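The residues making up each chain are set out below.
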Amino acid sequence: KESIKEADSTDDTNYTEDDKKAEEVKKVYLTFDDGPSKNTEKILDTLDEYHIKATFFVTGRDDEESLERYRQIAERGHTIGMHSYSHVYEDIYESAEKFELDLDRIQKTIENATGIKCMLYRFPGGSSNQVSSVEMSEFIRILNKREITYFDWNAECGDASNVTYTAKEMVANVMKDVVKYHTSVVLMHDAENKQETLKALPMIIKKLQKMDAQLLPIDEDTTVVQHISADRVND
């Protein structure tokens, strides 16, 4: 797998016009952090309407309504990933031990709800966050040892920033980023207060479809997008 810095050259041997066209097709992975929430069903319905599969990096919930939302994400064909159980930075990143306890908890919660042993992770704040009191390499080593793949992002709608963007501005933010990469992982959020994100989602999908981008869920064949490359962290 490749990191965020993708290969931009190809061996010309037997390189056809069809190969060139395939390489030019942009792959876009819509990802939603922080759910499940009251908006999860609305996001799922919008994705269904456009026949799109996406990826949900979920946090920990134990109420029956949330457990059903985990199940719905999986049953409707989307990829489910871990985004920590508590999402409390000072707890998760206090030590390797605390991180691993939280990791175990969210992994078991998802497995109990869906039957899926999740091997996909997104760090709260990303692998390049400046909040952790411990070197992020310590946590990356834990994931590497457990063969859990983590994903950051290289495109975003802006719904996690201090700026309040309108839905149209969020669309513009995404489109400005995705043109830069062959593989784009778009950061969005699934939370009750993200109403503009809900409004932006169908517009984003239509814009991406108009440019003939492939909208896909993250799987084992997805080019890895990481701010800190897992391959560069020694055991």
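Structure first, text after, so check above.
Before going into details, it helps to say that this report is about the structure given with it. (Residues numbered from 1 in each chain as written. Predicted model: local features only at pLDDT ≥ 70, side-chain atom pairs only at ≥ 80, totals over all residues. Heavy atoms only, no water.)

1. Quick notes on helix α3 (residues 64-75)
The periodicity of an α-helix, 3.6 residues per turn, causes residues three or four positions apart to be oriented the same way.
Okay, so step 1: The terminal C-alpha atoms of α3, which comprises twelve residues, lie 16 Å apart, in line with the 16 Å expected from a rise of 1.5 Å per residue.
Okay, so step 2: The secondary structure elements touched by the buried residues of α3 are α2 (40-49), β2 (55-58), β3 (79-82) and α5 (96-114).
Okay, so step 3: Of the residues trailing α3, G77 is marked for its positive phi of about 90 degrees. (Helix = DSSP H or I, 4+ residues; strand = E, 2+ residues; numbered from the N terminus. Expected span 1.5 Å × (residues − 1). Contact = heavy atoms within 4.5 Å.)

2. Some words on the nonpolar core
Okay, so step 1: One finds L30, F99 and F123 to be the most contacted residues of the largest nonpolar core, which totals 64 residues.
Okay, so step 2: Apart from residues no more than four positions distant in its own chain, F123 is found in contact with H83, Y93, F99, M136, F139, I140, L143 and Y150. (Core = buried A, V, L, I, M, F, W, Y, C linked by side-chain atoms within 4.5 Å. Buried < 20%, exposed > 50% of the residue type's maximum accessible area, 1.4 Å probe, protein only.)

3. Here we look at unusual backbone geometry
Okay, so step 1: For the peptide bond that leads from G35 to P36, omega is 5 degrees, which places it in the cis range.
Okay, so step 2: Along the chain, P36 turns up in the loop between β1 (27-33) and α2.
Okay, so step 3: The phi dihedral of H87 falls on the positive side, at around 60 degrees, and the residue is not glycine.
Okay, so step 4: Note on placement: H87 falls in the loop between β3 and α4 (89-92).
Okay, so step 5: Its relative accessible area of 23% is what places H87 among the partly exposed residues.

4. Looking at the side chain of D159
Okay, so step 1: Mapped onto the secondary structure, D159 falls in the loop between β6 (155-156) and α7 (167-178).
Okay, so step 2: Salt bridges are absent for the buried D159, whose nearest opposite-charge side chain, K194, sits at 5.3 Å.
Okay, so step 3: Engagement of the side chain of D159 in a polar contact is seen with the side chain of T197, the distance being 2.8 Å.
Okay, so step 4: Residues contacting D159, with those up to four places away along its chain left out, are M170, L187, M188, H189, K194 and T197. (Lys, Arg positive; Asp, Glu negative; His and termini not counted. Salt bridge = Lys/Arg side-chain N within 4 Å of Asp/Glu carboxyl O. Polar contact = N/O pair within 3.5 Å; in protein donor to acceptor, adjacent residues only side chain to side chain.)

5. A word on the pairing of β2
Okay, so step 1: By the alternation rule, side chains of β2 split into T55 and F57 and F56 and V58, which are all buried.
Okay, so step 2: Bridging between β1 and β2 involves three bridges; their strand directions are parallel. Among the inter-strand pairings, T31 is bridged to a residue of β2, identified as T55.
Okay, so step 3: Relative to β3, β2 runs parallel, the two sharing four bridges. By the bridge assignment for β3, V58 is matched with M82.
Okay, so step 4: The β-α-β motif built from β2, the intervening α3 and the parallel element β3 has right-handed crossover chirality. (Pairing = 2+ DSSP bridges. Right-handed = clockwise from strand over helix to strand, strands pointing away.)

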